[in-house]
Amino acid sequence: MALGLGFGMLCIQFPSMSGFTIDYIKPIGTIFIRGLKMIAVPLVLASLIIGVANIGDISKLTRMGGKTLLIFIVTTIISITIGLSIVAIVKPGHKLPEATRTNLMELYNSNAAGKIDFAEQVKTRGPLQPLVDMVPDNIFMAATNNGAMLQVVFFAIIIGIAMLHVPKETNAPVIAFFNGFNDIIIKVVGFIMLIAPYGVFALIASLMIEIAGDDPSKAWELLYALLWYSMTVIGGMLVMMLVVYPLLLKSFTKINVLDFFKGMRPAMLLGFSTSSSTATLPVTMERVEKHLGVSEEVSSFVLPLGATINMNGTSLYQGVSAIFIAQALGLDLSLSSQLMIVLTATLAAVGTAGVPGAGLVMLVIVLEAVGIPAAGIALIMAPERILDMVRTMINISGDATVSVVVAATENAIDEEVLKEHVND
Amino acid sequence: MKKLPLHTKIVIGLVLGTIWAFASSYLGWNEFTIDWIDPFGTIFIRLLKFIAVPLVLFSIINGISGLSDVSSLGRLGAKTVSAYMITTFLAIGVGLLFVNVVKPGSHIDDTQRIKNRLSYEIWLQDNNMGLSQDGQSFLSDPEYSKYLTDAQAEREMSEEERHNLEDKMAKAEETKDSSPLKFVVDMVPENIILSISNNQLMLQVIFFAIFFGVTIVLLPKNTVAPVVAFVESVNSVFLKMVDIVMKAAPFFVFALLAGVVAKMADTPSEVFEIFLGLGSYSLTLLGGLFFVIFIMYPLILKLLVKGFSYKDFFKKMSPAQFLAFSTSSSAATLPVTMECVEKGLGVPKKISSFVLPIGATVNMDGTSLHQAVAVIFMAQLHFIDLTIGQQLTIVLTASLASIGAAAVPSAGLIMMIVVLQSVGLNPAWVAIIFPVDRFLDMCRTVTNVTGDATVATLIAKSEGELHTEN
């Protein structure tokens, strides 16, 4: 990424290289984006069908399962909403000067006027239109259109639920097929991620050139806007961490908020440095059990599930990023488009979170669903790594919070352990 | 009738169709033929095309997932692409040779050619394109000034022609204005279901299928077993569908041919007139195409494959060739080509399922030969002398163009406009060869399909997996 930035800067200084970059380096970035788009529909379809079938099993098994799922979904929706409101207040995308924004708009959609018209049209429709639009009238037609992802999600969920209601022996071949299919798709995502460094490099380098032309100061303006964007994401996450989680803990448990953070600190730090909730999982479990006193029965169920499907930080980040890109491209999003972001991001998060590298695919899905050009993700690639670290930290705190809340409502917290070991 | 082999039956259908067409135009039944017989030909092409996409998808996945070692795929891919490029260059070379020896464009009388030349130079002036390729100027030469008014008068085109042309020019414009790596970018699908739903995006389906197949090989057997089983059985279902459709092929071919000829002209004498006008051009092109099919390909195979039998090759390939001729679409012929190559020539499935779909989309020996012949014919017609160097530029552009042309009928004409523009000739000239293009397209497709089969055989041979016994 840094290389891409540097290379872009260099090219701005030497105009003769710009043409070369546009002709021979940009296609790599485009290929990368197209690869992500290509895999989006199969990924959502396969992993959601399998995901729903598995989750359905869990929630049927226990009351605790249903409760956990409900809390996960609620916290995810809260986090996206916080992300959307904070980005609407700060407006980091508007930190770019007007001229650059117009430039970007022309770059990514030659028919910007058409898009704006479309946005106008969307505004005049009722706020519940996204719900209506969620139901596909022809599933193959929906699947041919990346913008109709929500319809595919809807279809996949229905199929998943239907599979739960069909006798095991009848649906066994279908489940086996989708399991294999899902594994293959996840592997394909892995392959696409192999070219991610080159793709990102190409995207950033060509973006710099196309924005800045031969005026380096414009590039600095972009970096300045990115700084604001990062601050917005981090601000939103701080709200989650310092307001939402403490409130949840206060209202459902007797645990002291300060104790909670003290007890969880090692897991959070590890999450920050590895930026993987799965890698941190053993430590998280240990801290939650041994230091917060959550019974093993609850933690061993809630935490692994949370590590895969509960991603408060990630979904907040997606909300902010989508709006930031829209702002930078000068697109105004209506209330119903924002509602669409909430729906898509939540469902996509639940469905695909177990897939490494799915974050990017999910962001592409969200962008396409509301009609923002997916190539816009080039804008936010630069600070991606740091933000990834922060959002993993939030994901882990969220999982821990949910496990404590569930344990408290099930009366499964060992007060002794909490008192004795919380400060270790 | 039952005992006859399929290709004989197809030939009978072909001949009967042509006879029917001539008879019906003689008797004034053309309307009946177009209304009641031609639709069956269209149905046939549609049947083959709808099978082509799923067949490509499933047979590539099936073929590749059967490989034990993915690294061999890279080698296979490199070989395939280079073999296709070499045969394409050879075909273009043949085309250049023929057109330079026969000089079909100089057979009309000189006055007409001078007039053509003058109107070309006027066109150049109108578009501020400077001097023509050979650096001469007939306009400034007083000797030719008496032809000038005639030349200007002839520049008027009919309204319909112009409309048709502008349409094609717009498409050509899009093709031209893109990054040289555009075709690589275009290979990556944005939405796989969308690619599947569009026959022109076949290359994207191939890309996805290869990717998917490779991934299957890299995953543990037990996880992917249900998917492999599913793909395999669906694939065999589609293969069976090809068999069933092919049973009725002779009848469909009859309908196709009857329709094609009937649409070309109202009376038999008109048909002959069309061919007479462009006779020398058509003959040159046909000569080139037949040379490539009947001499060049067998020669390559003879040299590289031991125990190659000339008669066997054509006997086994004839169903695909006749089909290519009557449908003039290598994509529609693909299912049959695959069957002929696998069962007839003994190329193993895992190679044919990889090489042939790629060939149907990127390898266009006949098309690029046609580009070379046609462009130079038009230059000759306009009294423009092209040096070998300029002809080579045309060759390069033409072969790149042939890669870009999708496997659909007549995409070649659009690419021809690109070629003409790139060498500073007037793209409106494609109108000259419009009338015979449909028929020549049929012959080009035969060359394309035979070329694909040849390359598939070569690749199988070089992998040591050719089983000629069956």
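Residues numbered from 1 in each chain as written. Chains lettered and ligands numbered in written order. Predicted model: local features only at pLDDT ≥ 70, side-chain atom pairs only at ≥ 80, totals over all residues.

What follows concerns the overall build of chain B. In terms of regular secondary structure, chain B is built from 20 helices and zero strands. Across the 470 residues that make up chain B, the buried fraction comes to 46%. For chain B, the share of sequence-separated contacts (at least 6 apart) that also reach a separation of at least 24 residues comes to 83%. (Helix = DSSP H or I, 4+ residues; strand = E, 2+ residues; numbered from the N terminus. Buried ≥ 20, exposed ≤ 12 C-beta atoms within 10 Å, placed from the backbone. Contact = placed C-beta atoms within 7 Å.)

Attention now goes to the overall build of chain A. Secondary structure summary: chain A contains 19 helices and zero strands in total. Classification of the 424 residues of chain A by burial places 52% in the buried group. Here the contacts in chain A between residues at least 6 apart in sequence split such that 84% fall between residues at least 24 apart.

All names here are of chain A. For Ile 33, the position within the fold is in helix α2 (residues 15-61). According to the C-beta neighbour criterion, Ile 33 is buried, with 23 such atoms within 10 Å. The spacing of Ile 33 and Pro 246 is 213 residues in sequence and 39 Å in space, taken between C-alpha atoms.

Tracing the sequence through the fold places Ala143(A) in helix α7 (residues 139-143). It is 9.8 Å that separates the C-alpha atoms of Ala143(A) and Val153(A), two residues lying ten residues apart in sequence. Ignoring anything within four residues of it in the chain, the contact list for Ala143(A) reads Val41(A), Val152(A) and Ile193(B).

Further remarks concern unusual backbone geometry. Leaving glycine out, the prevailing phi sign among residues is negative, and the prevailing peptide bond configuration is trans. In this structure, Lys91(A) takes a positive phi of about 50° despite not being glycine. Given 13 C-beta atoms within a 10 Å radius, Lys91(A) is considered partly exposed. In the Ramachandran plot, Ser328(B) falls in the positive-phi region, its phi being about 45° despite a non-glycine side chain. Along the chain, Ser328(B) turns up in the loop between α14 (310-327) and α15 (330-344). Judged by local crowding, Ser328(B) falls into the buried class, with 26 C-beta atoms found within 10 Å.

Next up on the list: the nonpolar core. Residue and element names in this part refer to chain A. Membership of the largest hydrophobic core comes to 260 residues, with the highest contact counts inside it found for Val 44 and Val 152. In terms of residue count, the dominant contributor to this core is α2 (20 residues). Val 152 has contacts with Val 41, Val 44, Leu 45, Ala 142 and Ala 143, leaving out every residue within four places of it along the chain. (Core = buried A, V, L, I, M, F, W, Y, C linked by C-beta atoms within 7 Å.)

Between its first and last C-alpha atoms helix α12 (residues 257-274) of chain A spans 25 Å; for 18 residues at 1.5 Å apiece the expected length is 26 Å, and the two agree. Ser275(A), located one to two residues past α12(A), shows a positive phi value of around 45°. (Expected span 1.5 Å × (residues − 1).)

Let us look at the interface of chain A and chain B. With 26 residues of chain A at the contact, the number on the chain B side is 26 residues. For the side of chain A that touches chain B, the elements supplying multiple residues, two or more each, are α2, α7 and α9 (168-194) of chain A. Split by residue class, the side of chain A that touches chain B holds 15 nonpolar, six polar and five charged. (Nonpolar A, V, L, I, M, F, W, Y, C, P; charged D, E, K, R; others polar.)

Our next topic: the environment of Ile196(B). Residue and element names in this part refer to chain B. Relative to the helices and strands, Ile 196 is located in helix α8 (residues 192-196). Spatially, the C-alpha atom of Ile 196 lies 9.8 Å from that of Ile 206, the residues being ten residues apart in sequence. The residues touching Ile 196, leaving out its near neighbours within four places in the chain, are Val 53, Leu 57 and Val 205.

Let us look at the confidence of the model for chain B. Interpretation of this model should avoid reading the predicted coordinates in detail wherever pLDDT is low. All names here are of chain B. Per-residue pLDDT for chain B has a mean of 79; in total, 79% of the residues score no lower than 70. Mean pLDDT across the secondary structure elements of chain B bottoms out at helix α5 (residues 148-153), with 55, and peaks at helix α13 (residues 279-304), with 89. Interface scoring of the predicted complex returns ipTM 0.70; its pTM is 0.76. (pLDDT = per-residue confidence, 0-100.)

Moving on to the confidence of the model for chain A. Within chain A, residue pLDDT values average 78, and 80% of them lie at 70 or more. Taken as a whole, residues 110-114 of chain A scores under 50 in pLDDT and shows two contacts with residues more than four places along the chain or in a different chain.

In a regular helix each residue adds 1.5 Å, so 16 residues correspond to 22 Å; helix α8 (residues 149-164) of chain A covers 23 Å between its end C-alpha atoms and thus fits that length. Looking only at α8(A), the buried set comprises Met149(A), Leu150(A), Gln151(A), Val152(A), Val153(A), Phe154(A), Phe155(A), Ala156(A) and Gly160(A).

Attention now goes to the packing of α9(A) against helix α10 (residues 221-247) of chain B. Two elements in contact, α9(A) and α10(B), have axes separated by 7 Å at closest approach and are oriented at 105°. Considered as vectors, α9(A) and α10(B) are oriented roughly perpendicular to each other. Between α9(A), through Pro173(A), Ala176(A), Phe177(A), Asn179(A), Gly180(A), Phe181(A), Asp183(A) and Ile184(A), and α10(B), the contact on the second element is made entirely by Thr223(B), Val224(B), Ala225(B), Pro226(B), Val227(B) and Phe230(B). A per-class count over the contact of α9(A) with α10(B) returns ten nonpolar, three polar and one charged. (Axes fitted to C-alpha atoms, helices over the stretch in contact; angles between N-to-C directions. Parallel < 35°, antiparallel > 145°, perpendicular 65-115°, else oblique.)

All names here are of chain B. Running from N to C, helix α2 (residues 30-65) and α15 cross one another at 60°; their axes reach a closest spacing of 7 Å. One way to sum up the angle between α2 and α15 is to call them oblique. Judged by the sense of rotation from one axis to the other, the crossing of α2 with α15 is left-handed. On α15, the residues that touch Ile 45, Leu 48, Lys 49, Ile 51, Ala 52, Leu 55 and Ser 59 of α2 are Ala 331, Ala 332, Leu 334, Pro 335 and Met 338. Here the residues of the contact of α2 with α15 are counted per class, giving ten nonpolar, one polar and one charged. (Left-handed = near helix turned anticlockwise from the far one by under 90°.)

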